Amino acid sequence: MSGPSPGRNHTVVAWSFVAAQAALLIAVVATPRGDDWAHARWLDAVAFCVLALGVALGLWSALRLGRGLTPSPLPNGAVDLVTRGPYRWVRHPMYTAVMLIVAGVTIRSGSVVVLAEAVALVILFNLKARWEEHRLAEAFPGYRDHEAVTGRFLPARGHYAGSRPLASRGSDE
């Protein structure tokens, strides 16, 4: 369960990612609404559905991670590699959930500034996930196998619900 202890540099980088992510999330929420695109009722409905999907995925992901849930991209050593629930199809469903929530907020915002902040957050999540994946591979010997059959933020092509061989799914199903 417990992987190698992170060095000070890893800890600083990890919490720098968290701080940047928090700053961008605050910016997305705090930036005033704009009128750069229409506020049609149907668009608000789409935004609500995307946001609700993000909340549901985030809750499901958090429940599956359990004690392994942490804002830091460093494994906390509290759980083994999780490959069930949404982690069966996606390596970072919590990031996907936050991106969906931000997409919902962005659609509703009507602001190109919020859109730019959302794009910056997606770029940050890509960098953070890449960095985190190196730490996960160090902490969990089976991580590279899991990585090979699951997508980072969306299901890997050809690896949807049950299309993977049973042996590569993990024994915790």
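What you see is a predicted model; the values in this text were computed from it and never measured.

This part covers the environment of Arg-67. Within the secondary structure layout, Arg-67 lies in the loop between helix 2 (41–65) and helix 3 (93–109). Here Arg-67 falls in the exposed class, since its relative accessible area comes to 59%.

Attention shifts here to the pattern of salt bridges. Once their charged atoms are close, side chains differing in charge can pair, the charge on each being opposite to the other. Taken as a whole, this structure holds five salt bridges when the rule is applied. Notably, a salt bridge pairs Asp-44 with Arg-108, separated by 3.5 Å at the nearest N-O pair. Residue Asp-44 is located in helix 2, and its partner Arg-108 is located in helix 3; the two are separated by 64 residues in the primary sequence. When its relative accessible area of 22% is taken as the criterion, Asp-44 is described as partly exposed. The salt bridge partner of Glu-147 is Arg-144, with a shortest N-O separation of 2.6 Å. Pair noted here: Glu-147 and Arg-144 are both in helix 5 (residues 143–149), with a separation of three residues, about one helical turn. Several salt bridges share partner residues, and in doing so they unite Arg-91, Glu-133 and Arg-152 into one network.

Looking now at the packing of helix 2 against helix 3. Contact geometry for helix 2 and helix 3: axes closest at 7 Å, N-to-C directions at 160°. When the axes of helix 2 and helix 3 are compared, the pair comes out roughly antiparallel. The crossing of helix 2 and helix 3 is left-handed.

Once that is clear, we can look at a nonpolar patch on the surface. There is a patch of nonpolar side chains on the surface, built from Val-112, Val-113, Leu-115, Val-119, Ile-123 and Leu-127 and spanning about 510 Å² of accessible area. Residue placement: Leu-127 occurs in helix 4 (residues 112–139).

Tracing the backbone shows Ile-101 in helix 3. Judged by relative accessible area, Ile-101 falls into the partly exposed class, the value being 27%.

Residue-level pLDDT values for the protein average 89, and 87% of them are 70 or greater. Confidence drops under a pLDDT of 50 for residues 160–173, and excluding neighbours within four residues, the segment shows 22 contacts in the predicted structure.

How each quantity is defined
Residues numbered from 1 in each chain as written. Predicted model: local features only at pLDDT ≥ 70, side-chain atom pairs only at ≥ 80, totals over all residues. Heavy atoms only, no water. Helix = DSSP H or I, 4+ residues; strand = E, 2+ residues; numbered from the N terminus. Buried < 20%, exposed > 50% of the residue type's maximum accessible area, 1.4 Å probe, protein only. Salt bridge = Lys/Arg side-chain N within 4 Å of Asp/Glu carboxyl O. Axes fitted to C-alpha atoms, helices over the stretch in contact; angles between N-to-C directions. Parallel < 35°, antiparallel > 145°, perpendicular 65-115°, else oblique. Left-handed = near helix turned anticlockwise from the far one by under 90°. Patch = residues over 30% accessible without salt bridge, like charges linked within 9 Å, V, L, I, M, F, W, Y side chains within 5 Å. Areas by Shrake-Rupley, 256 points an atom, 1.4 Å probe, with all protein chains shown as cover. pLDDT = per-residue confidence, 0-100. Contact = heavy atoms within 4.5 Å.

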